[in-house]
Amino acid sequence: MKTSTPVREIAVIPPQIELRPTKNGYIGIFARYDFKKGTDIYSHTFRAVPEDAEIILVTPLGEVPIDIKVHTVRRADGMRDYFGFDSFMNHSCDANTISMMYPGDAEKMRYYTHAAKDIAAGDEITCNYLLFDWDCDGHSFDCLCGASGCFGHIGGFTDLSFDRQLAFADGLDDPTFKRFVAGARDQLNKTKLPDSVIRRMAALGL
Ligand SMILES: [Zn+2]
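The structure presented is a predicted model; accordingly, all values stated were derived computationally and were not measured. (Residues numbered from 1 in each chain as written. Predicted model: local features only at pLDDT ≥ 70, side-chain atom pairs only at ≥ 80, totals over all residues.)

Caption draft 1: Layout of the nonpolar core. The biggest cluster of nonpolar side chains holds 23 residues, and the ones touching the most others in it are Ile29, Ala31, Met89, Ile125, Tyr129 and Phe180. When contributions to this core are tallied by element, the ones reaching two or more residues are β3 (27-31), β13 (124-127) and α4 (174-183). (Core = buried A, V, L, I, M, F, W, Y, C linked by C-beta atoms within 7 Å. Buried ≥ 20, exposed ≤ 12 C-beta atoms within 10 Å, placed from the backbone. Helix = DSSP H or I, 4+ residues; strand = E, 2+ residues; numbered from the N terminus.)

Caption draft 2: The arrangement of the UniProt feature "domain: Post-SET" (unreviewed entry) in the protein chain in detail. In the numbering used here, UniProt assigns the feature "domain: Post-SET" (unreviewed entry) to residues 139-155. The annotated region residues 139-155 carries 0% helix and 24% strand content, and the separation between its end C-alpha atoms amounts to 8 Å. (UniProt positions renumbered as here; feature names shortened; annotations may be inferred.)

Caption draft 3: Molecular detail of helix α6 (residues 195-203). Of all 9 residues in α6, 0 are buried, a share of ten percent or less. Positive backbone phi, at 70 degrees, marks Gly205, one or two positions downstream of α6.

Caption draft 4: Inspection of the UniProt feature "domain: SET" (unreviewed entry) in the protein chain at higher detail. In the UniProt entry, the feature "domain: SET" (unreviewed entry) is given for residues 15-130. Between the end C-alpha atoms of residues 15-130 there is a gap of 27 Å, over a span that is 7% helix and 43% strand.

Caption draft 5: Seen up close, the environment of Ile55. Mapped onto the secondary structure, Ile55 falls in strand β6 (residues 55-59). Each C-alpha atom, one on Ile55 and one on Thr72, is 11 Å from the other, the two residues being 17 residues apart in sequence.

Caption draft 6: A look at the pairing of strand β2 (residues 17-21). Sheet analysis places β2 next to β3, joined by 5 bridges and oriented antiparallel. Counterpart to Glu18 in the pairing with β3 is Phe30. Taking the residues between adjacent antiparallel strands as the criterion, β2 and β3 are bridged by 5 residues, where Gly25 takes a positive phi near 90 degrees. (Pairing = 2+ DSSP bridges.)

Caption draft 7: Focus on α4. The set of residues buried in α4 consists of Thr176, Phe177 and Phe180. The buried side chains of α4 occupy one side of the element, clustering within an arc of 100 degrees when seen end-on. Where α4 is buried, its residues contact α3 (162-168) and α6. (Arc of directions from axis to C-beta. Contact = placed C-beta atoms within 7 Å.)

Caption draft 8: Inspection of the sheet that holds strand β4 (residues 40-45) at higher detail. Pairing is antiparallel across the open sheet formed by 3 strands, whose spatial order is β4-β12-β11. With one partner strand each, in any of the chains shown, β4 and β11 (97-100) form the two edges of the open sheet. The sheet shows a mean angle of 25 degrees between the axes of neighbouring strands, direction not considered. When β11 meets strand β12 (residues 110-115), the two strands line up antiparallel, connected through 4 bridges. Bridging across to β12, Thr97 finds its partner in Ala115. (Axes fitted to C-alpha atoms, helices over the stretch in contact; angles between N-to-C directions.)

Caption draft 9: Seen up close, the environment of Leu166. Among the secondary structure elements, Leu166 is positioned in helix α3. Leu166 sits in the partly exposed class, given 18 other C-beta atoms within 10 Å.

Spelled out as structure tokens, the structure:
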């Protein structure tokens, strides 16, 4: 019998952003200021939690029980990466942010949400799940983002063709990049790779 008590934690939300309901009735993250393409909007840390973790996040919109399968990302070791308030960032195939990790960040489990295009105050901040979520375990879905390059079914990076994976490689976070290289080694050996991919493989010792 399970006797654990849910962990209740307060969402610490950077002043650059706010949580608001989206027009679809979900919670989303919205910019409170203008941000120029190429700038970092905020930094945040994440942590690994077990699949049966019970977390209640106290937010300005009320107390939200976190659905672990929906709001976390399954890692290679079976644990789930949990992102606090950032769990509410919605997907877009034409996302306006990417997640950046700078040297030293990996050990601190810290990332920066970086503007991939100009963002205006009031815009919803989105990311492309395919760049960091290997298989979208527990939350694959059919995308309705309406972008011209919409991927349609979002089943994680592993669901893409090799050519599309390679085209995406520069935007991947390190753990996803490493899994990509490990799983596609034969195809990578047979393919003329962009210099950026070769440099990154060398930098990561792959
Ligand atoms: Zn889409």
